[in-house]
Structures are given as C-alpha cells and as structure tokens.
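Examination of the molecular architecture
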Amino acid sequence: PSSALTWGTFDTVSSALRVARTGRHAPLARAVEASGASEWTQDVALCAVSGGVAGTVTGILTCPLDVVRTRLQVLARGDGSGFSVAEVVREIVQTQGARGFFTGVNARVATLAPLMTMIMGGYEILKRACAKPAALPPSAPMTQMWNSNAAPLSRNNAL
C-alpha cells in the first residue's frame, strides 16, 4: 500500500503544481517567474517538493498498519504462539485509543519526507542527465556542465 500511496500522491501533487506553475494568473506562476529560475531547476524543485509531500502523506496514512505489524512481530504468548491481528487491534484500542495507531508517526514522517524528496528530485536530475543532448534545451545546467568539462555535445559525438 505504501508504494501505491506514494506514487499516487506524487502524481497528484506534481500535476497540481505544474498547473499552478503554468497558469497565467496563478500566484505560483508569478513567484516562479520572479525567481528567474531555469525551467530545469523548476522541474527538479517541483519533483522534490512533490516527493516530500508524498512521503509525508504516506508516513501518516500507513502508520496504523506499521504499528499493528510491529506489535505482531514483537508480541508473543507464554507458549510461543503469536497474537492475531484482531487481538492486537483490540489491545491498542483498549489501552491507548485511536491515538495508539499513530505511535511513532513523527519518526515515520521525519524519515519518509526527506527520503522521498531526495529520491524524486534525484530521479529527475538523473533522468535529465541521461537524456540525449538533443532532448535537452541548450540552456540546461547539465548540458552546460558537460560542455565545460569535455568537447561540446552534438549529435555527432553524443553519448
């Protein structure tokens, strides 16, 4: 469930941010235009922010499942047999209430949000770095980096 939630949230958030970024009268569009950031930088930032939001949502919504799973792994009866899912859920509700299902949510979010930010932003950087040079605009930072360290990239000497 966490992968579906992460990728679904990422796609929803990144689509909404792309619309907000390209709308003529959107506040985000005006802020991006005023920043002077290149399109490459804007795309990487958009993916990184979307990844952070996706990690946060995933961390919060999957926490109850993680709490039950963890308790199933560590709790055992005196005879060595384990508890059922229903028994664990009942025990959490009776001793801690609904809040018990969110034990450790801060740690999950503190782990998943930065992780997804780095994964999604890093993926966007790698995707662009591995693209054929003709597919990138000439002003893309990666193209400039390659051109400063090696012979200019063209269709004749492309990677």
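Computed from a predicted model, the values in this text were never measured in an experiment.

Brief notes about a nonpolar patch on the surface
Where nonpolar side chains cluster on the molecular surface, the patch consists of Ile 60, Leu 61 and Phe 102 and spans about 270 Å² of accessible area. Within the secondary structure layout, Ile 60 lies in helix α3 (residues 39-74). Residue classification places Ile 60 among the partly exposed positions, given a relative accessible area of 37%.

A look at the packing of aromatic side chains
Each aromatic ring pair is summarised here by two numbers: the centre-to-centre distance and the angle between the ring planes. According to the stated counting rule, one finds 1 aromatic pair in the structure shown. For the pair Trp 7 and Phe 10, a centre-to-centre distance of 5.8 Å together with 80° between the ring planes defines the contact as edge-to-face. Of this pair, Trp 7 and Phe 10 both sit in helix α1 (residues 2-22), 3 residues apart, which is roughly one turn of the helix. With relative accessibility at 48%, the residue Trp 7 sits in the partly exposed group. When its relative accessible area of 13% is taken as the criterion, Phe 10 is described as buried.

Topic: the side chain of Asp 43
Relative to the helices and strands, Asp 43 is located in helix α3. Among the polar contacts made by the side chain of Asp 43, one reaches the side chain of Arg 128 at a distance of 2.4 Å. Here Asp 43 is in contact with Arg 18, Arg 21, Glu 124 and Arg 128, once residues within four sequence places are set aside.

Remarks on the pattern of salt bridges
Two side chains that carry opposite charge are able to pair once their charged atoms sit near each other. Under the definition given, this model contains 7 salt bridges. For the salt bridge of Arg 18 with Asp 43, the shortest nitrogen-to-oxygen distance reads 3.6 Å. Separated by 25 residues along the polypeptide, Arg 18 in helix α1 and Asp 43 in helix α3 bring together distant segments of the chain. Look at Arg 18 and you get partly exposed, because its relative accessible area is 32%.

Points about the nonpolar core
The biggest cluster of nonpolar side chains holds 8 residues, and these are Cys 63, Val 67, Val 68, Val 88, Ile 92, Phe 101, Val 105 and Val 109. At the level of secondary structure, the elements contributing two or more residues to this core comprise α3, α4 (85-96) and α5 (105-129). Sequence-distant contacts of Ile 92, defined by excluding residues within four places in its chain, comprise Val 67, Val 68, Arg 71, Gly 97, Gly 100 and Phe 101. Phe 10, Cys 47, Ala 54 and Met 120 belong to the second largest nonpolar core, which has 5 residues in total.

Some thoughts on the packing of α1 against α3
For the pair α1 and α3, interaxial distance at closest approach is 8 Å and the crossing angle is 140°. Classified by the angle between their axes, α1 and α3 sit oblique to one another. As α1 packs across α3, the resulting crossing turns out to be right-handed. Of the residues that constitute the contact of α1 with α3, the class distribution is 11 nonpolar, 9 polar and 3 charged.

Criteria and cut-off values
Just so you know, the residues in each chain are numbered from 1, in the order the chain's sequence is written. The predicted origin of the model limits local features to residues at a pLDDT of at least 70 and limits the giving and counting of side-chain atom pairs to 80 or more, whereas totals for whole chains, interfaces and linings rest on all residues. Hydrogens are left out, water is left out, and the side-chain values use all remaining heavy atoms of the structure. Candidate patch residues must exceed 30% relative accessible area and have no salt bridge, after which like charges are joined if within 9 Å and Val, Leu, Ile, Met, Phe, Trp or Tyr side chains if within 5 Å. Each accessible area is a Shrake-Rupley result for a 1.4 Å probe, and residues are judged covered by the shown protein chains and nothing else. For salt bridges, the criterion is a side-chain nitrogen of Lys or Arg within 4 Å of an Asp or Glu carboxyl oxygen. Counting from the N terminus, the helices are DSSP H or I runs at least four residues long and the strands are E runs at least two residues long. Exposure is judged per residue with a 1.4 Å probe applied to protein chains only, and the accessible area is read against the type maximum: over 50% gives exposed, under 20% gives buried, and values in between give partly exposed. In this analysis, rings of Phe, Tyr and Trp, with Trp reduced to its six-membered ring, are considered paired at centre separations within 6.5 Å, and the interplanar angle assigns stacked below 30 degrees, edge-to-face beyond 60, and tilted for intermediate values. Contacts described as polar in this section are N or O atom pairs within 3.5 Å, which, within protein, must combine one atom able to donate a hydrogen with one able to accept it, while residues neighboring in sequence count only if both atoms come from side chains. Residue contacts are defined here by distance: any two heavy atoms, one from each residue, within 4.5 Å place the two residues in contact. Among buried residues, those of type Ala, Val, Leu, Ile, Met, Phe, Trp, Tyr and Cys that are joined through side-chain atoms within 4.5 Å constitute a nonpolar core. Note on definitions: angles span 0 to 180 degrees between N-to-C directions of axes, and those axes are lines fitted to C-alpha atoms, for helices only across the stretch in contact. Working rule for angles: under 35 degrees goes down as roughly parallel, over 145 as roughly antiparallel, 65 to 115 as roughly perpendicular, anything else as oblique. Rotating anticlockwise by less than a right angle from the far helix to the near helix defines a left-handed crossing, while the corresponding clockwise rotation defines a right-handed one. Under the grouping applied here, Gly and all other residues not named as nonpolar or charged are polar, the nonpolar ones being Ala, Val, Leu, Ile, Met, Phe, Trp, Tyr, Cys and Pro and the charged ones Asp, Glu, Lys and Arg.

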